[in-house]
Every structure is written in structure tokens, then in C-alpha cells.
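These are the residues of each chain, in order.
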Amino acid sequence: MKNYDMPIFAALIAILLVAPLAIYPVFLMKVLCFALFALAFNLLIGYVGLLSFGHAMFFGFAAYVSAYTVKAWGWPTEIGILAGTGVAAVLGLIAGLIAIRRQGIYFAMVTLALAQMVFFFCLQAKFTGGEDGIQAVPRRPVLGFIDITSDIHFYYLVLAIFAAGFLIIYRTIHSPFGQVLKAIRENEPRAISLGYHVDRYKLLAFVLSATLAGLAGATKAIVFQLASLTDVTWQMSGEVVLMTLVGGMGTVFGPIAGAAVIITMQNYLAGFGEWVLVIQGVIFVITVLLFRRGIVGEIAALATRLTRGRGEAGHIAGNPATTS
Amino acid sequence: MDKSAAIVTESLVKDFKGFRAVDNVDLTVRRGTIHALIGPNGARKTTCFNLITKFLQPTSGRIYLNGEDITRLAPASVARLGLVRSFQISATFPHLTLLENVRIALQRQLGTSFHFWRSETSLDALNARAIEILHDVGLGGSENLVAAELPYGRKRVLEIATTLALEPEVMLLDEPMAGMGREDIGRISQLIRKAAKSRTVLMVEHNLSVVADLSDTITVLARGRVIAEGPYAAVSQNPQVIEAYMGTTDTESGAALRGAHG
């Protein structure tokens, strides 16, 4: 089957380039940050089959690190974002070393427990500002000359970060490493019997996922000029699961669609107050019951069915010998 | 210890919570032979297999591969030493194509398996070899099919092809013919015989008749102990073996001994 991923991605970027003409850039930046977060999460659940229920620790903690280094230490924006990303990578390595020894629900519980530890650390530590968080993080010029104080300027930088993150994940999935990941997801004992030390592959995937989740969180802190406890709560870990499921687990574009839907809902249904959570719950249930492949997954399945129908007929007509 | 042996186990024991599953098994698989490990249901054939391939850790005893002690190694490390196993339930990568299935085995030798920044087109260099292997086992021309679409017998063939791609020195097959029709059994037997020309094969089987003319040596296991060993002619006449098979309530085993599946 022909691969349309790159043309679709190019079209998506083209749309996003002109989107600020119609849509409020801060909202778009929020969607992009969460889309990158969900993409990072999807690398783990969709391509390795590991359900992490603690990804907020990378997202939220990286946000604190970038906000703190930029505000308190006066680091340049780009270095602050990189610092947040780097700390998330180290945190990912530590959490990964502990968590990948377990599978299934135990893996999810270990990641959740670790994330709760990070949450309490953030709650108690001095530098995070407790309940207030770190506010009024300055937006200094990137690389010393790119002014990002205006949202529209910063939007294009966030778009570039998002695109880079997407391409890193896309390449990872379509690399020799990605092939081994798929083999592990499909049949782990068989991958072991072919001589692959699967834990090492899972660990690298975990660290990559944590790093990119950190990049998303670190960027978000600069967007909102704020790092707060919300981003390290277990609810945030749950939200990224929801985004990925709604969009389509294990699909290339699903997490982006899922993040866009959930963030849009939260924004436009904000008037309902706490009821947003109930509405989200209902959507979650509907997705699991009726659209298990998620938005993008269902579209892709439909497309395959349509092209397959034609392709198969041609195949049989062309090669009657293959039926033997 | 026998130096001409590919695999040697010494007093291999496996306890599960006080229950002795495998009891002092001494097994010697000579290099370049086809060795069958057979026994009625519950003989712990697969448990032995899991111990040898290190998917289970033995309670006591030693395992040697070409004279090297592998008792404490991880399963993936054992595979890297050239001892590669198959599984009782067919072990393919169901949503990958046949070509990708075989390529997974081949790509390890490139040493780029951790390279997440490299394009997967770098693996295309292996395609010719993968297609050749598929062709050799009779799966030529269907390399772009997804493994899940294959009929059961062909899946087992694909599994053997993937195993062969590693060019293992010792190949362990866990019931390669279980659940197969007569035609497929013939095909697999042929494949095993061909593969064994340049390597050692240890296979677990349920049916004595199936391995009769395939294997050089047969070890009969019952309740975790070795009860007989030797060529088919000797083993099939052994009263203990006949009792082990007939004594079970499983009628298929009895039928197997009489050669109903042959």
C-alpha cells in the first residue's frame, strides 16, 4: 500500500502555517504542545504496547524546570526548554529502569506510583512555588534575536518544535529500531528467542517518549509563562491516554487529532464548569465501545477497506496461480 | 562431559513451589543430529525446552552449549550464541509481512537495531536474502502478505524460515507439527531434514510415529524423567515407553504409538 503520511503531514503543516489568521494563536500553541505530548505517549502505547500512566511526570516536571531556569536563573528561552527536555530524559531513564521490568497493569501502576512521587516532590519543593506555581515566566528573545513576546511570533517557533518532534517520532517508528519495537509488540517471546534483549529496546523507547513529553511540557511553560501543579497531576496522565485513544492509538496522526478534539472541547465547553469532565467521560466510553480505533484509526480502516476491495480483486485476477 | 555434544544437560531439576516438574534430566544432543524429545501429555517436554533455552531458570543442574556453561545466561544471550528456538503456538509477528518477519531475524547482524534516527530503507539491503530464504522454504512469491493471513501450516513454515535466517547452530523446535494435516507434516519433515544437514536439531514431539524416520535419537520423557533413549526401533519396543503412552487416558497418544498418524 502506498504511504501518504508525508503528504498528509505537509498539508497539516501548511494549514497550521495559515491557521493563526483564523484561530487565536495561544489556543493553537496549546493544541500543538498537547499534540506533541500525545505523540510521545503514543510512541510507547502504540508501538511498544506499554501503557504508561505517569507521563505527566515528564510533561509537568519539564515545565517546572524550563520555567524555573528561565525565570530564576535568567537562562535563555531555548536553553530553558532544552534543560526541561534533558531533565525529562534523565527522569525517563530512572523511571524506565524501574518500570520496564513489569508488564501490563503492573507497568501502568509502577509509572503511576512514580508520577505521584514526582507530584508530591513538586508540591513540597521550594523552587516550584507550591500551589502558586512559577508565574510570569519571561519570554526572552530566542537565540538572542528572535522576538517571541508577541504570540504570533512565538506560535511559529512552537510549530517548528512540534514539527521537529513529529519527525523524530516518525523516523523512530520507521527505523531499524522501530522494526524491533513492532516485533516486540507483536510477539515478545519470539523477539527474545531471536536474540533481542527486549528490555533494552523498551528502555530506549521509554526514554525517547519521556524526552519528547518533556519537550512538550517545557515549551508549554513558556507559552503560558506558567508552570503549575496541574501539569504533574495524575489527571494529566489520564488526559493524554484519553487524547491518544480518541485520536487513534498506534496511528501516526491520531494523537494530534485526539489532542485537538479534547483541547477544543475543554475550551469551548468551559462554560459548563465541572461538567466538562462528565462530557469527557462520556466521549471516552463512546470511543471505547463504538470507535475502538479512534478517529484516525477508523478513517484509516475505512480507506484500507475501500482500496483493498479494488486491490484484492486485481490481485486475484492477475495471479490465478496463487490460489494453489 | 561429551565434547562432541551440542547440548548437554546435567541433572536438570525444575521445582514449582515444592512440586518437582523436571527431575534429574541428563540429556546429550550430539552435534549434527536430529534429536527428538517425546513423551505423552504432561511429560514436561516443553518445560525442559524452556529450561534449555533459558526461558525458565532451572532450580539446579547445569546446561552446556558446545561445552560452554549457559546455565545463568539470559534467553536472548543464549539465542545470540546460536541456540534458537521455536514455540508450540505459532510464533510469527502477525501484522508484519513475511518479508519483515524474516528480516527481523536478519537485521540483528547489521548492528543498527538501536538506531532510531536511521531510515528503515537501510534494511532494504536485506530484502534479497530474506526473499531467498522464503523461496527456499516454499514461501516464495508471497513475501508481501501479512503473516496473519497465512494458513496455519504455512505459519509454522514461516516460523522455521525466520529461525533459519539466524543460521543457528542448534535449532530447537517445539512441536513443529502439532495440529497439522498429513500434507503439511510431510512438508515440515522435509524442511527439518534439509535444515539439519548443516546443524543440530532438537525437537519436541507428541507423536512417536511422526519422528520415527526423521530423528537419529529419541529421548522419551514421562513425568519429568527420562525413561528411555535410543533409536526409534529400540525405543518403540521399550515396555516402559509403551506403558507410559498406553497408561494415559489420552487416546490420541495411544493411537500415535500405533502409527495412526504416520
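Please read these numbers as outputs of a predicted model, since none were measured by experiment. (Residues numbered from 1 in each chain as written. Chains lettered and ligands numbered in written order. Predicted model: local features only at pLDDT ≥ 70, side-chain atom pairs only at ≥ 80, totals over all residues. Heavy atoms only, no water.)

## Describing the overall build of chain B
So, step 1. Regarding its fold elements, chain B presents ten helices and ten strands.
So, step 2. Counting only C-alpha atoms and orienting by the principal axes, one finds that chain B spans roughly 60 × 40 × 35 Å.
So, step 3. Across the 262 residues that make up chain B, the buried fraction comes to 55%.
So, step 4. When the accessible surface of chain B is split by element, carbon and sulfur atoms take 50% of a total near 11,100 Å².
So, step 5. Between the mean site of the 29 positive side-chain charges and the mean site of the 28 negative ones, chain B shows a separation of 3 Å. (Helix = DSSP H or I, 4+ residues; strand = E, 2+ residues; numbered from the N terminus. Buried < 20%, exposed > 50% of the residue type's maximum accessible area, 1.4 Å probe, protein only. Areas by Shrake-Rupley, 256 points an atom, 1.4 Å probe, with all protein chains shown as cover. Lys, Arg positive; Asp, Glu negative; His and termini not counted. Charge placed at Lys NZ, Arg CZ, Asp CG, Glu CD.)

## A closer look at the nonpolar core
When a protein is soluble and globular, its nonpolar side chains tend to lie buried together.
So, step 1. Residues F58(A), F162(A), V102(B), I192(B) and M203(B) are the most contacted members of the largest nonpolar core, which totals 161 residues.
So, step 2. Element by element, the count of residues in this core is highest for helix 2 (residues 25–47) of chain A, at 19 residues.
So, step 3. Both of domain 1 (5–92 + 170–257) and domain 2 (94–149) of chain B provide at least three residues apiece to this core.
So, step 4. If near-sequence neighbours (up to four positions away) are discounted, F162(A) is found in contact with L16(A), L32(A), A35(A), L36(A), L39(A) and I256(A).
So, step 5. Counting 23 residues, the second largest nonpolar core, distinct from the first, contains V22(B), A43(B), V170(B) and L202(B). (Core = buried A, V, L, I, M, F, W, Y, C linked by side-chain atoms within 4.5 Å. Domains from an automatic or database assignment. Contact = heavy atoms within 4.5 Å.)

## Some thoughts on the packing of helix 5 (residues 152–165) of chain B against helix 6 (residues 182–195) of chain B
Pairs of packed helices are described in terms of their axes, by the angle between the two and the distance that separates them.
Residues and elements named next belong to chain B.
So, step 1. Taken N-terminus to C-terminus, the directions of helix 5 and helix 6 make an angle of 10°; their axes are 10 Å apart at the nearest point. Relative to helix 6, the element helix 5 is oriented roughly parallel. Residues G153, R154, R156, V157, I160 and L164 of helix 5 pack against D184, R187, I188, L191 and A195 of helix 6.
So, step 2. The residue inventory of the contact of helix 5 with helix 6, partitioned by class, reads six nonpolar, one polar and four charged. (Axes fitted to C-alpha atoms, helices over the stretch in contact; angles between N-to-C directions. Parallel < 35°, antiparallel > 145°, perpendicular 65-115°, else oblique. Nonpolar A, V, L, I, M, F, W, Y, C, P; charged D, E, K, R; others polar.)

## Topic: the packing of helix 4 (residues 77–99) of chain A against helix 9 (residues 198–224) of chain A
Residues and elements named next belong to chain A.
So, step 1. Where helix 4 contacts helix 9, the two axes come as close as 7 Å, and the packing angle between them is 145°. Judged by the twist between their axes, the crossing of helix 4 over helix 9 is right-handed. On helix 9, the residues that touch T77, I81, G84, T85, A88, A89, G92, L93, A95, G96 and L97 of helix 4 are L203, F206, V207, A210, T211, G214, L215, A218, T219 and I222.
So, step 2. Of the residues contributing to the contact of helix 4 with helix 9, the split by class is 13 nonpolar, eight polar and no charged. (Left-handed = near helix turned anticlockwise from the far one by under 90°.)

## Let's talk about the pairing of strand 8 (residues 200–205) of chain B
Two faces belong to every sheet, and in a regular strand the side chains alternate between them.
Residue and element names in this part refer to chain B.
So, step 1. Along strand 8, six of the six residues are buried, which leaves the element largely enclosed by surrounding structure.
So, step 2. Side-chain alternation along strand 8 places T200, L202 and V204 on one buried face and V201, M203 and E205 on a second face that is also buried.
So, step 3. Direction of pairing for strand 3 (residues 34–38) relative to strand 8: parallel, over a ladder of five bridges. For A36, the partnering residue across the bridge sits in strand 8 and is M203.
So, step 4. Sheet topology note: the strand 7 (residues 170–174)/strand 8 ladder contains five bridges and is parallel. (Pairing = 2+ DSSP bridges.)

## A few points about the sheet that holds strand 3 of chain B
Pairing between the strands of a sheet comes from backbone hydrogen bonds, and it takes one of two forms, parallel or antiparallel.
Residue and element names in this part refer to chain B.
So, step 1. Strands sit in the order 6-7-8-3-9-10 across an open sheet of six strands; the sheet is mixed. Each end of this open sheet is capped by a strand with a single partner; those strands are strand 6 (83–85) and strand 10 (225–230). Neighbour-to-neighbour, the strand axes of the sheet open up by a mean angle of 15°, direction not taken into account.
So, step 2. Across the sheet, helix 9 (residues 239–246) touches strand 3, strand 9 (217–222) and strand 10, and the angle it forms with strand 10 is around 125°.

## Focus: the state of the cysteines
All names here are of chain A.
So, step 1. A complete count under the given rule lists zero disulfides over all chains for this structure.
So, step 2. Its sulfur unpaired, C122 is 18 Å from the next cysteine sulfur, which belongs to C33.
So, step 3. Under the relative-accessibility criterion, C122 is labelled buried at 0%. (Disulfide = S-S within 2.5 Å.)

## Topic: unusual backbone geometry
Residues and elements named next belong to chain B.
So, step 1. With a phi close to 45°, K17 is a non-glycine residue in the positive phi region.
So, step 2. The topology assignment puts K17 in the loop between strand 1 (5–16) and strand 2 (19–30).
So, step 3. The exposed category is assigned to K17, whose relative accessible area is 87%.
So, step 4. For K54, which is not a glycine, the phi torsion comes out positive at approximately 70°.
So, step 5. Relative to the assigned elements, K54 resides in the loop between helix 1 (45–52) and strand 4 (60–65).

## Description of the interface of chain B and chain A
So, step 1. Every contact between the two is made by 39 residues of chain B and, on the other side, 26 residues of chain A.
So, step 2. For the chain B and chain A pair, buried surface summed over both sides reaches about 2,800 Å², with 62% attributable to carbon and sulfur atoms.
So, step 3. The three residues of chain B that bury the most area against chain A are F93(B), F114(B) and F116(B), which together make up 25% of that side's buried surface.
So, step 4. Connecting chain B to chain A are zero salt bridges.
So, step 5. One can count 14 residue pairs in polar contact (both at pLDDT 80 or more) joining chain B with chain A.
So, step 6. Broken down by secondary-structure element, the contributors of at least two residues to the side of chain B that touches chain A are helix 2 (75–80), strand 6, helix 3 (98–107) and helix 5 of chain B. (Buried area = accessible area lost by both parts, 1.4 Å probe. Salt bridge = Lys/Arg side-chain N within 4 Å of Asp/Glu carboxyl O. Polar contact = N/O pair within 3.5 Å; in protein donor to acceptor, adjacent residues only side chain to side chain.)

## Let's talk about the domain arrangement of chain B
Residue and element names in this part refer to chain B.
So, step 1. Per the domain assignment, the segments making up chain B are domain 1 (5–92 + 170–257) and domain 2 (94–149).
So, step 2. Between domain 1 and domain 2, the C-alpha centre-to-centre distance is 29 Å.
So, step 3. Taken together, the contacts link four residues of domain 1 with six residues of domain 2.
So, step 4. Here domain 1 packs against domain 2, burying approximately 460 Å² in sum over the two surfaces, 52% of which is carbon and sulfur.
So, step 5. Together, R80, T92 and L191 form the three largest contributors to the area buried by domain 1 at its contact with domain 2, with a combined 75%.
So, step 6. Taken together, the links from domain 1 to domain 2 amount to zero salt bridges.

## Observations concerning the pairing of strand 4 of chain B
Residues and elements named next belong to chain B.
So, step 1. Note: strand 1 against strand 4, five bridges, orientation antiparallel. Residue I7 lies in a different strand from strand 4, and its bridge partner there is L65.
So, step 2. Inspection of the sheet shows strand 4 paired to strand 5 (residues 68–69) by two bridges, in the antiparallel sense. Bridged to L65 within strand 5 is E68.
So, step 3. Connecting strand 4 to the antiparallel partner strand 5 that follows it, the hairpin turn spans two residues, and N66 within it adopts a positive phi of roughly 50°.

## Some details on the sheet that holds strand 1 of chain B
Residues and elements named next belong to chain B.
So, step 1. Strand order in the open sheet formed by four strands is 2-1-4-5, and the pairing between neighbours is antiparallel. Lying at the two open borders of the sheet, with one neighbouring strand each, are strand 2 and strand 5.
So, step 2. In this sheet, strand 2 lies alongside strand 1 in antiparallel orientation, the contact comprising eight bridges. Note on strand 2: the bridge partner recorded for V8 is T28.
So, step 3. Its contacts with the sheet put helix 1 on strand 1, strand 2 and strand 4, and the angle it makes with strand 1 is roughly 115°.

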